Amino acid sequence: MSTAPNRRAVAVILLIPLMVTLTLWAFAWPAARIAPHGLPVGVAGPAPAAQQLEQRFGQRDGAFDVHRFDDEAAARTAIEDRVVYGAVVVTPQGPHLLTASAASPVASQLLREAVTASAPEGAPVRVTDVVAAPPGDPRGSALGASVLPLALAGMAAGAVVTLMGLRGARGAVTLVGSASMVGLVATSVAHSWLGVVTGGWWAEAGVIALTVLAIGSAVAGLAALFGPRGIGLGALLMVLLGNPFSGVTSAPELLPEPVGAIGQWLPPGAGGSLLRSVAFFDGSAAGGAVLTLSLWSLFGLAAVLFARRAPTVAEPAEPDREPALTG
């Protein structure tokens, strides 16, 4: 009996459980360890009371990154600029919590629970949602679920361009065109139909297109550099790591360290953060995400345009032809 089929069978038996374990780790572990890790919050009000409240936040072993503001107006501006996820304003009537469920419903709920627990017994906690999540997606679940389809769309574009042997300018134009079409279609669904995002229509379409382009061109670029195995590497980075590490369903600062930071360096996380900024915060704090997506896109497109690739299945190599001898 040939040993080659037996070896392949053993490899499959071992590889499938390994892949399942890796997938469960990537998706389930961050979700099971959600807790604040340097979550930016604000404190405003008279100095003695605000300082006491700041000390209470500081007792949580690095859970919160506290910012001091002079008054409620300054705290509201910081929330709208995405400097903090929420702020506590000390008033004579008791603490006044300012939140932004559009930035993260999970962070808003966590802050509500933390402030309520630390408030003096019997003191009411007034809550104001400064930037509320849209009525079409009050819990942010639909926006969080949008990251995986965008990652899969980018993966599909990069893989198809590679397997069809589209090289050079033709491959780059195909990636840009497919990403643009996904941006238009996805925005029509998310904005016009479902009401999940409520910002400028064309700005949202541009964000989605740039996210898909960054993923698709990265996959195609990796395949241009490393051959078909580059598609697998792209799937690992963009889907297996990029999706669960994105923090879109909660917040990057709520994921275990350094998962949240890594997620923002990958296109799914950067795209999710940029879409929130454009959809709900008039583009505030968008610079880092734009830079990340642009760099991934440029890297991938440059590799597609200039890297030498091995022939694909769709485009087999031609045998060398010797010049004909003339008599």
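Higher on the page you've got the structure.
This is a predicted model, so every value here is computed, not measured. Sequence order as written defines the numbering, with residues in each chain counted from 1. Confidence filtering applies because this is a predicted model: local features only for residues at pLDDT of at least 70, side-chain atom pairs given and counted only at 80 or more, and all residues used for totals across whole chains, interfaces and linings. Just so you know, side-chain values use all the structure's heavy atoms and leave hydrogens and water out.

Regarding the pattern of salt bridges
And step 1. The salt bridge definition used is simple: a Lys or Arg side-chain nitrogen within 4 Å of an Asp or Glu carboxyl oxygen. According to the stated counting rule, one finds two salt bridges in the structure shown.
And step 2. Across the pair E54 and R68 runs a salt bridge whose closest N-O atoms are separated by 3.0 Å. Linking E54 in helix α2 (residues 47–58) with R68 in strand β2 (residues 64–69), this pair joins segments that are 14 residues apart in sequence.
And step 3. Throughout, exposure labels follow a simple rule: accessible area from a 1.4 Å probe, protein chains only, divided by the maximum for the residue type, with under 20% read as buried, over 50% as exposed, and the rest as partly exposed. Classification of R68 as partly exposed rests on a relative accessible area of 40%.
And step 4. The residue R76 makes a salt bridge to E72 at a minimum N-O spacing of 3.0 Å. With R76 and E72 both in helix α3 (residues 72–80) and four residues apart, this pair spans about one turn of that helix.
And step 5. Residue R76 is classed as partly exposed on the basis of its relative accessible area, which comes to 28%.
And step 6. On the accessibility criterion, E72 (26% relative accessible area) is partly exposed. Every helix listed is a DSSP run of H or I at least four residues long, and every strand listed is a run of E at least two residues long, numbered separately from the N terminus.

Points about empty space enclosed by the protein
With a probe scaled to a water molecule rolled over the atoms, the places where space remains empty come into view.
And step 1. Throughout, the protein atoms alone are placed on a 1 Å grid, and a set of points is a cavity if a 1.4 Å probe fits but cannot get out or a pocket if it is open with protein on both sides within 12 Å along at least five of seven lines; lining residues have an atom within 4 Å of a point. Grid points are joined across faces, edges and corners, and a volume is the space filled by probe spheres set on the points. Counting across every chain of the model gives three cavities of 30 Å³ or more.
And step 2. Lining of the largest cavity is provided by L143, S146, V147, L150, V207, I208, T211, V248, P268, G271, G272 and L275.
And step 3. For the lining of the largest cavity, the secondary structure elements donating two or more residues are α6 (147–163), α8 (201–226) and α11 (267–280).
And step 4. Considering every element that reaches the lining of the largest cavity, the biggest residue donor is α11, with four residues.
And step 5. Looking at the lining of the largest cavity, its residues break down into eight nonpolar, four polar and no charged.
And step 6. Estimated volume of the second largest cavity: approximately 60 Å³. Amino acids outside the nonpolar list (Ala, Val, Leu, Ile, Met, Phe, Trp, Tyr, Cys, Pro) and the charged list (Asp, Glu, Lys, Arg) are all regarded as polar, and Gly is one of them.

Let's talk about the packing of aromatic side chains
And step 1. Centres within 6.5 Å make a pair out of two Phe, Tyr or Trp rings, where for Trp the six-membered ring is used; the pair is then stacked when the planes are under 30 degrees apart, edge-to-face when over 60, and tilted otherwise. Evaluation of the coordinates by the stated rule reveals five aromatic pairs.
And step 2. Ring centres of F57 and F64 lie 5.0 Å apart, and the angle between their planes is 70°; this geometry places the pair in the edge-to-face category. Judged on exposure class, the residue F57 and its partner F64 are both buried.
And step 3. Among the aromatic residues, those joined into a ring-pair cluster are W25, W29 and F245.
And step 4. Counting as a charge over the ring demands two things of the Lys NZ or Arg CZ atom: a distance within 6 Å of the ring centre and an angle within 35 degrees of the ring normal. The residue whose ring lies beneath R82 is F281, and the NZ or CZ to ring-centre distance is 5.1 Å.

Let's talk about the pairing of β2
And step 1. By definition, two strands form a pair when at least two bridges between them are found by DSSP. In this structure, strand β1 (residues 39–44) lies alongside β2, joined through six bridges in parallel fashion. Bridging across to β2, L39 finds its partner in F64.
And step 2. If you view a crossover with the strands going away from you and the path from the first strand over the helix to the second runs clockwise, you call it right-handed. Once you follow β1 into α2 and on to β2, the crossover reads as right-handed.

Concerning the sheet that holds strand β4 (residues 94–99)
And step 1. An order of β2-β1-β3-β4-β5 is seen for the five strands of this open sheet, with the pairing classed as mixed. Of all the strands in the sheet, the pair left with one neighbour each is β2 and β5 (126–129). Going from strand to strand, the sheet's axes swing by 20° on average, the running direction of each strand aside.
And step 2. Strand direction decides the pairing type here: β4 and β5, joined by four bridges, are parallel. For H96, the partnering residue across the bridge sits in β5 and is R126.
And step 3. Any two residues having at least one pair of non-hydrogen atoms within 4.5 Å are treated as being in contact. Lines fitted to C-alpha atoms define the axes, with helix axes restricted to the stretch in contact, and inter-axis angles between N-to-C directions lie between 0 and 180 degrees. In the packing of α2 onto the sheet, contacts are made with β1, β2 and β3 (86–91), and the angle to β2 comes to roughly 170°.
And step 4. Against the sheet, α3 makes contact with β1, β2, β3, β4 and β5, and its axis sits at roughly 25° relative to β4, the strand it touches most.

A closer look at a nonpolar patch on the surface
And step 1. On the surface, M181, L184, V185, V189, W193, L194 and W202 cluster together into a nonpolar patch covering about 780 Å² of accessible area.
And step 2. Among the structural elements, V189 can be located in helix α7 (residues 168–193). For patch detection, residues must exceed 30% relative accessible area and be free of salt bridges, and they are connected within 9 Å for like charges or within 5 Å for nonpolar side chains (Val, Leu, Ile, Met, Phe, Trp, Tyr). Here the Shrake-Rupley method, with its probe set to 1.4 Å, supplies the accessible areas, and only the displayed protein chains count as covering residues.

Looking at the packing of α8 against helix α12 (residues 287–306)
And step 1. As a packed pair, α8 and α12 sit with axes 7 Å apart at the nearest point and diverge in direction by 40°. Pair α8 / α12 crosses with left-handed handedness. In this structure, α8 contributes L210, T211, L213, A214, S217, A218, A220, G221, L222, A224 and L225 to the contact, and α12 contributes L293, W296, S297, F299, G300, L301, A303 and V304. A clockwise turn of the near helix away from the far one marks a right-handed crossing, whereas an anticlockwise turn of less than a right angle marks a left-handed crossing.

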